[in-house]
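# Structural characterization, general
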Amino acid sequence: MRKEIGFFDVFRETLDKLDGDGILLVAGDPPNPMTIGWGTLGYIWHKQIITVMVRPTRYTFNLMENIKDFSVCVLPDQFGKELSLCGNRSGRDTDKLALCNLHTEKCFKADAFFLSESEIHFECRMVHKHPLDPATLDPAIIKRYYPKRDFHTVYYGEILGIYGQG
Ligand SMILES: Cc1cc2nc3c(=O)[nH]c(=O)nc-3n(C[C@H](O)[C@H](O)[C@H](O)COP(=O)(O)O)c2cc1C
């Protein structure tokens with residue numbers, strides 16, 4: 001059983017985990033989980049928006065380029081090993097769900113899947129995307145994070161629903 005949760009009730013836990021062991025971006029059909037550590041939650045266009053950033057080298061990038069809907073899943077504390085695996089192995093050659101013994105269910109509002117094990121999951125519909133523009137990016141950030149010039153694409157997901165364990 002999952003219950004809908006309010007936007008303001010999930011900020012602390014989601015952002016703490018984003019900056020900790022990470023959270024999972026789940027994209028595609030069949031779904032592939034990828035650990036993310038960077039993103040934002042806020043209001044744009046009078047909508048609740050989550051942004052996620054994906055480098056073009058990720059398998060998830062190919063998935064994100066071909067879908068509208070995706071989910072973002074926050075796992076309970078004891079899932080550090082799974083988050084590490086999903087952040088170091090690629091869906092190109094590994095069934096990460098099977099490897100981590102994670103399970104998926106169809107989203108309620110989005111045409112996507114979420115992880116049954118999540119403590120919180122966001123159902124999202126892409127409303128905008130853009131690759132970072134090195135011409136306007138702080139050179140110190142380029143030097144530190146993009147020595148290979150593999151600039152992230154930023155995906156803006158309108159939050160259709162936020163759910164937790166009932
Ligand atoms: C804690 C952590 C946070 C990460 N955050 C991101 C991120 O925000 N964006 C990104 O493109 N890759 C990020 N990565 C790297 C991807 O998760 C990793 O390259 C993964 O293997 C890609 O999976 P895929 O090829 O199945 O898409 C992160 C990895 C870890 C361990």
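Everything below is about the structure printed above this text.
Residues numbered from 1 in each chain as written. Predicted model: local features only at pLDDT ≥ 70, side-chain atom pairs only at ≥ 80, totals over all residues.

## A look at the overall build of the protein chain
Looking only at helices and strands, one finds 5 helices and 10 strands in the protein chain. Its C-alpha atoms give the protein chain a radius of gyration of 15 Å, near enough to 15 Å, the size a compact globule of 166 residues would have. If you line up the protein chain on its principal axes, its C-alpha atoms span 45 × 40 × 30 Å. In the protein chain, which comprises 166 residues, the proportion classed as buried is 33%. A sequence separation of at least 24 residues applies to 69% of the contacts in the protein chain between residues at least 6 apart. (Helix = DSSP H or I, 4+ residues; strand = E, 2+ residues; numbered from the N terminus. Rg over C-alpha atoms; globule rule 2.2 N^0.38 Å. Buried ≥ 20, exposed ≤ 12 C-beta atoms within 10 Å, placed from the backbone. Contact = placed C-beta atoms within 7 Å.)

## Some remarks on the nonpolar core
If you look at the biggest cluster of nonpolar residues, it comprises 36 residues, and the most contacted ones within it are Leu24, Leu25, Val26, Val52, Phe70, Val72 and Cys73. Leaving out residues up to four positions away in the same chain, Val26 has contacts with Pro31, Pro33, Phe70, Ser71, Cys73, Ala112, Phe113, Phe114 and Leu115. (Core = buried A, V, L, I, M, F, W, Y, C linked by C-beta atoms within 7 Å.)

## Topic: the site of the ligand
Of all residues adjacent to the ligand, which total 21 residues, the nearest are Gly37, Tyr59, Thr60, Gly87 and Ser90. When contributions to the shell around the ligand are tallied by element, the ones reaching two or more residues are strand E3 (32-36), strand E5 (47-54) and helix H2 (59-64). Of all the elements, E3 adds the most residues to the shell around the ligand, at 4 residues. The residue makeup of the shell around the ligand, split by class, is 6 nonpolar, 11 polar and 4 charged. (Near = placed C-beta within 6 Å. Nonpolar A, V, L, I, M, F, W, Y, C, P; charged D, E, K, R; others polar.)

## Quick word on the pairing of strand E6 (residues 69-74)
Buried residues dominate E6, accounting for 5 of its 6 residues. Of the strand pairs in this sheet, strand E2 (residues 23-27) and E6 are connected by 3 bridges, and their pairing is antiparallel. In the strand pairing of E6, Leu25 is matched with Val72. Where E6 meets strand E9 (residues 120-131), 6 bridges bridge the pair, whose relative direction is antiparallel. Across the sheet, residue Phe70 finds its bridge partner in E9, namely Cys124. (Pairing = 2+ DSSP bridges.)

## Remarks on the environment of Asp77
Here Asp77 shows up in the loop between E6 and helix H3 (80-86). C-alpha separation for the pair Asp77 and Phe108, spaced 31 residues apart in sequence, amounts to 25 Å.

## Brief notes about the pairing of E5
Taken together, the 6 bridges between strand E4 (residues 39-44) and E5 define a ladder with antiparallel strand orientation. Along E5, the bridge assignment pairs Thr40 with Thr51. What sits between E4 and E5 in their antiparallel hairpin is a turn of 2 residues, with Trp45 showing a positive phi close to 55°. Two elements, E5 and strand E10 (residues 153-165), share 6 bridges in a ladder whose sense is antiparallel. Counterpart to Ile49 in the pairing with E10 is Glu158.

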